[in-house]
Protein chains: 2
Amino acid sequence: MYILIAEDDEQIANSLRKNFAEDGNPVMIAKDGEEAIHFLNSISFDVALLDWRMPKVSGIEVCRYIRESGNKVPVILLTALSQVKNKVEALNLGADDYITKPFSFDELTARINAIVRRYQSSTNELIFNDITLDLISRRVKSPRGEIYLSGKEFDLLKYFILHKGTIMSKENICKEVWSMNFIPSTNIIEATVKNLRKKLEDDSGKNLIKSIYGEGYLFITE
Amino acid sequence: MYILIAEDDEQIANSLRKNFAEDGNPVMIAKDGEEAIHFLNSISFDVALLDWRMPKVSGIEVCRYIRESGNKVPVILLTALSQVKNKVEALNLGADDYITKPFSFDELTARINAIVRRYQSSTNELIFNDITLDLISRRVKSPRGEIYLSGKEFDLLKYFILHKGTIMSKENICKEVWSMNFIPSTNIIEATVKNLRKKLEDDSGKNLIKSIYGEGYLFITE
DNA sequence: ACAAAAAGTGAATGATTTTTCATTATTGTT
DNA sequence: AACAATAATGAAAAATCATTCACTTTTTGT
């Protein structure tokens, strides 16, 4: 996990670095806000720990700035200021958490983990049984290897998983997967289902897509 | 925003409800952990506030239980216990935040907002100037309309935006966008850059992709 | 068991995308 | 200015993907 520490107090910075290094996390240290912004613009971190009080640009300014530039890296502000209005200000400007000094390293670690977990889980992956869809790279993995799906097959599988356990009408599938508001005169859905079925069956040996005569499809759970 | 409050102290629960109601947020109150689990299983909330100490099932047990069942609702634990080991335990069990009593309502609200913002933003948008990439649907929008990109063009633009302001070598572009660890013998990168340039220029009239002779490309910021 | 409706199949078509290639243009160096 | 290296371009070829079609199989209600 790549961690950025923006902290002008060398002692604190080094103590944090040492602790993180013990857990095998590479750390980058910025001595002031300007440097922090520079690092954040060039490298992708898993989390940024920003001291409120820093030379040149304060931690809260760094936070505001990177959020405005669209950077969504999880941010935790570290500070001696324990007043509520400061906390509120920081959180409203896009920080994810706020810890007042002195803090315990264990608590910091736990808060980092909570935020990173949330950050990661809220993003990319859709998991069904032992199949994992990466919604960003659009790749599908199972313990038996990667399943190569075409674009439409991926969209369809995603739709199936999101609605697993319920009967999905062809009308709705059409609307959601093909963005068509009318039922096509061809059997395009059936054809795509066929190909998806084949690939899923090649992977797991099971047929996960059940046809409900006259109603639609059911993606079976369990 | 639908909020679940699990709190056996009626006074606290009602005070919270009143405050949230003033902001127009519907609140549901569970008097104990069992009820909280029941509500969480039947209704979808934007955030769950759980008291640690509750009859029947403690807040932390509720948290553990719902996480095990796959529920990803943001959870904040409210408690009088301020010891670090309690905080760490809670955060490691899947809570998103931890607030010790007594707390200010403003801080609670700010923390809720930070967590919900993070939960919802789910990082599926990449914004550069007035161009927005939806990383899930893989569509690109600008104030002037949608920009239709092919798969590779989208991947390349995403890579450019993520590394805007830095010079990107063809070697790295190759590795990241084409998943090839060797430099291709053809001019496939240049060809794709050309097509992407065309589409971006058709949209904004500007050439955002600068060639750095002998080094690579630069996606201009400013 | 039968007919009608619905769903499945394999192969062919059409469309789009990706890649290649030959050629032209640009840049940096001497 | 001349040269070599690098980059841009348009068009063509190759590959992939989405869709259609004719036909077969399965399911349901009678």
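Rules and cut-offs
- Residues numbered from 1 in each chain as written.
- Chains lettered and ligands numbered in written order.
- Predicted model: local features only at pLDDT ≥ 70, side-chain atom pairs only at ≥ 80, totals over all residues.
- Heavy atoms only, no water.
- Pairing = 2+ DSSP bridges.
- Helix = DSSP H or I, 4+ residues; strand = E, 2+ residues; numbered from the N terminus.
- Near = heavy atom within 4 Å.
- Polar contact = N/O pair within 3.5 Å; in protein donor to acceptor, adjacent residues only side chain to side chain.
- Axes fitted to C-alpha atoms, helices over the stretch in contact; angles between N-to-C directions.
- Contact = heavy atoms within 4.5 Å.

**Description of the sheet that holds strand β10 (residues 167–168) of chain A**
Backbone hydrogen bonds hold the strands of a sheet together, and the pairing may be parallel or antiparallel.
All names here are of chain A.
Right, so step 1: If you walk across this open sheet you meet the three strands as β10-β12-β11, and the pairing is antiparallel. In this open sheet, the two edge strands, each paired with only one partner strand, are β10 and β11 (209–212).
Right, so step 2: Relative to strand β12 (residues 216–219), β11 runs antiparallel, the two being bridged by four bridges. Bridge pairing links Ile 212 to Gly 216 in β12.

**Examining the protein's contact with DNA strand D**
Right, so step 1: Taken together, 20 residues surround DNA strand D, and among them Ser150(A), Thr186(A), Asn187(B), Ser211(B) and Tyr213(B) come closest.
Right, so step 2: Among all atoms of DNA strand D positioned within 4 Å of the protein, those belonging to sugar or phosphate total 68%.
Right, so step 3: Contact distances for DNA strand D include 2.6 Å between a phosphate oxygen and a side-chain N or O atom of Thr186(A).
Right, so step 4: Take Ser211(B): an N or O atom from its side chain is 2.3 Å from a phosphate oxygen of DNA strand D.

**Digging into the sheet that holds strand β8 (residues 139–142) of chain A**
Residue and element names in this part refer to chain A.
Right, so step 1: The four strands lie next to each other as β6-β7-β8-β9, forming an open sheet whose pairing is antiparallel. Two strands bound the open sheet, and with one partner strand each, they are β6 (125–128) and β9 (145–147). Ignoring strand direction, the axes of neighbouring strands in this sheet form an average angle of 25 degrees.
Right, so step 2: Inspection of the sheet shows β6 paired to strand β7 (residues 131–134) by four bridges, in the antiparallel sense. Within β7, the position partnered with Glu 125 by the bridge is Asp 134.
Right, so step 3: Sheet strands touched by helix α6 (residues 151–162): β6, β7 and β8. Its angle to β7, the strand with the most contacts, is close to 120 degrees.
Right, so step 4: Packed on one face of the sheet, helix α8 (residues 188–204) meets β7, β8 and β9 and runs near 170 degrees to β9.

**Things to note about the protein's contact with DNA strand C**
Right, so step 1: Lining the immediate environment of DNA strand C, one finds 20 residues, of which Asn187(A), Arg197(A), Ser211(A), Tyr213(A) and Ser150(B) sit closest.
Right, so step 2: Across the atoms of DNA strand C situated within 4 Å of the protein, the share located in sugar and phosphate is 71%.
Right, so step 3: A distance of 2.5 Å separates a base oxygen of DNA strand C from a polar side-chain atom of Asn187(A).
Right, so step 4: At a separation of 3.0 Å, a phosphate oxygen of DNA strand C approaches a polar backbone atom of Lys152(B).
Right, so step 5: Among the elements of the structure, α8 and β11 of chain A together with α6 (151–162) and α8 (188–204) of chain B are those that each provide at least two residues to the surface near DNA strand C.
Right, so step 6: Top element by residues in the surface near DNA strand C is α8(A). It accounts for three residues.

The values are spatial; any link to function lies outside them.
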